[in-house]
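# Structural characterization, general
Take a look at the letters that make up each chain.
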Amino acid sequence: MMRRSFIAGAIASSVSPVWANRAVALSGDRFIMQDQEFQLADVAAPGLFTLQQNQSAYFDDAKSALTDLLSAPLEIRDCMPKSRWGVRRVIVRSGGATLQERLVTRGACRVRPESGEYDFIRGLLALEDEARKAQRGLWSLSTYALSTADSANYKIGSYAIIEGIPRRIGKYGSRLFINFGDDFREDFTASATSTNHRKWKNIGIDFNALEGRMIRVRGWVESINGPSIDLQHPLQIETLDGEPV
């Protein structure tokens, strides 16, 4: 993938610096500039809407945190293709650190792995862990507390981070399932396509090795035979025993 670095606002090939007062935060992880919308890759700020309420807890605080960071020149690098809606998914650097790192450190965003920048994401996960332990930002709210596999049902319809020990891991049809209970029709499950699992296994990430180990899973929780997370990125899973996947 071709990557481009340029000063904020230089949507074309202009070399003129554009100051960030021309950028407007839409949320804690999105901003618009010169009629182009940008999404900060690999992080998720509280959304404007949820299934349970009109506005997520900490939405305004996260948006204000991004607004503060848009007050200086930015270096923007595309790290993924545009979304289907034409939103550019980017890593943004300012003053020696990325906006993603600054926001996660403040507790204004959680990590949402999606790009191929694995080392960058691992660094964000470490910063998130520090912010969570210090209860900074959204981590001070019970809404964003870590959940257990047994209570995952309460997180349906939201982005959540869930901890538990897989009871059984196996392939069924075209998917690999990580089951956290005895009843796969009701208990929490995470799953990945067989294609993704093979691809990740080829780079040394094998989910079959997770059975019986305490792990942390993150993603959007859906109701599919009980609470379920679709794994689309290998770093949606962290091991908590100090050993790699």
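Our subject in this report is the structure included herewith. (Residues numbered from 1 in each chain as written. Predicted model: local features only at pLDDT ≥ 70, side-chain atom pairs only at ≥ 80, totals over all residues. Heavy atoms only, no water.)

### Quick notes on the packing of aromatic side chains
Evaluated as defined, the whole model comprises three aromatic pairs. It is R132 that lies over the ring of W139; its NZ or CZ is 4.8 Å from the centre. (Phe/Tyr/Trp six-rings, centres within 6.5 Å; stacked < 30°, edge-to-face > 60°. Lys NZ or Arg CZ within 6 Å of the ring centre and 35° of its normal.)

### Details of the pairing of strand 6 (residues 75-78)
Side chains of strand 6 alternate between two faces, with I76 and D78 buried and E75 and R77 left unburied. Where strand 6 lies against strand 7 (residues 88-94), four bridges are found, and the strand directions are antiparallel. Note on strand 7: the bridge partner recorded for R77 is I91. (Buried < 20%, exposed > 50% of the residue type's maximum accessible area, 1.4 Å probe, protein only. Helix = DSSP H or I, 4+ residues; strand = E, 2+ residues; numbered from the N terminus. Pairing = 2+ DSSP bridges.)

### Describing the packing of helix 2 (residues 99-106) against helix 3 (residues 118-133)
Their axes nearest at 7 Å, the elements helix 2 and helix 3 cross at an angle of 20°. It follows that helix 2 is roughly parallel to helix 3 by the angle criterion. As for how helix 2 packs across helix 3, the hand of that crossing is right-handed. From helix 2, Q100, E101, V104 and T105 reach across to helix 3, where they touch F120, L124, L127, E128 and A131. A per-class count over the contact of helix 2 with helix 3 returns five nonpolar, two polar and two charged. (Axes fitted to C-alpha atoms, helices over the stretch in contact; angles between N-to-C directions. Parallel < 35°, antiparallel > 145°, perpendicular 65-115°, else oblique. Left-handed = near helix turned anticlockwise from the far one by under 90°. Contact = heavy atoms within 4.5 Å. Nonpolar A, V, L, I, M, F, W, Y, C, P; charged D, E, K, R; others polar.)

### A short note on the environment of P244
Position of P244 among the secondary structure elements: in the segment after strand 17 (237-239). For P244, a relative accessible area of 63% translates into the label exposed. Distance from P244 to G204, taken between C-alpha atoms, is 9.5 Å for residues 40 residues apart in sequence. Setting aside chain neighbours within four positions, we find P244 in contact with R213 and T239.

### A closer look at the pattern of salt bridges
Scanning all chains against the criterion turns up 16 salt bridges. Note that D241 and R213 form a salt bridge whose closest N and O atoms lie 2.8 Å from each other. Of the two residues, D241 sits in the segment after strand 17 while R213 sits in the loop between helix 4 (194-201) and strand 15 (215-223), which places them 28 residues apart along the sequence. A salt bridge links R218 to E238; its shortest N-O distance comes to 2.9 Å. You can see R218 sitting in strand 15 and its partner E238 sitting in strand 17, a full 20 residues away along the chain. Each member of the pair, R218 as well as E238, is classed as buried. Overlapping salt bridges bring together E128, D129, R132, K133, E163, R216, R218 and E238 as one network. (Salt bridge = Lys/Arg side-chain N within 4 Å of Asp/Glu carboxyl O.)

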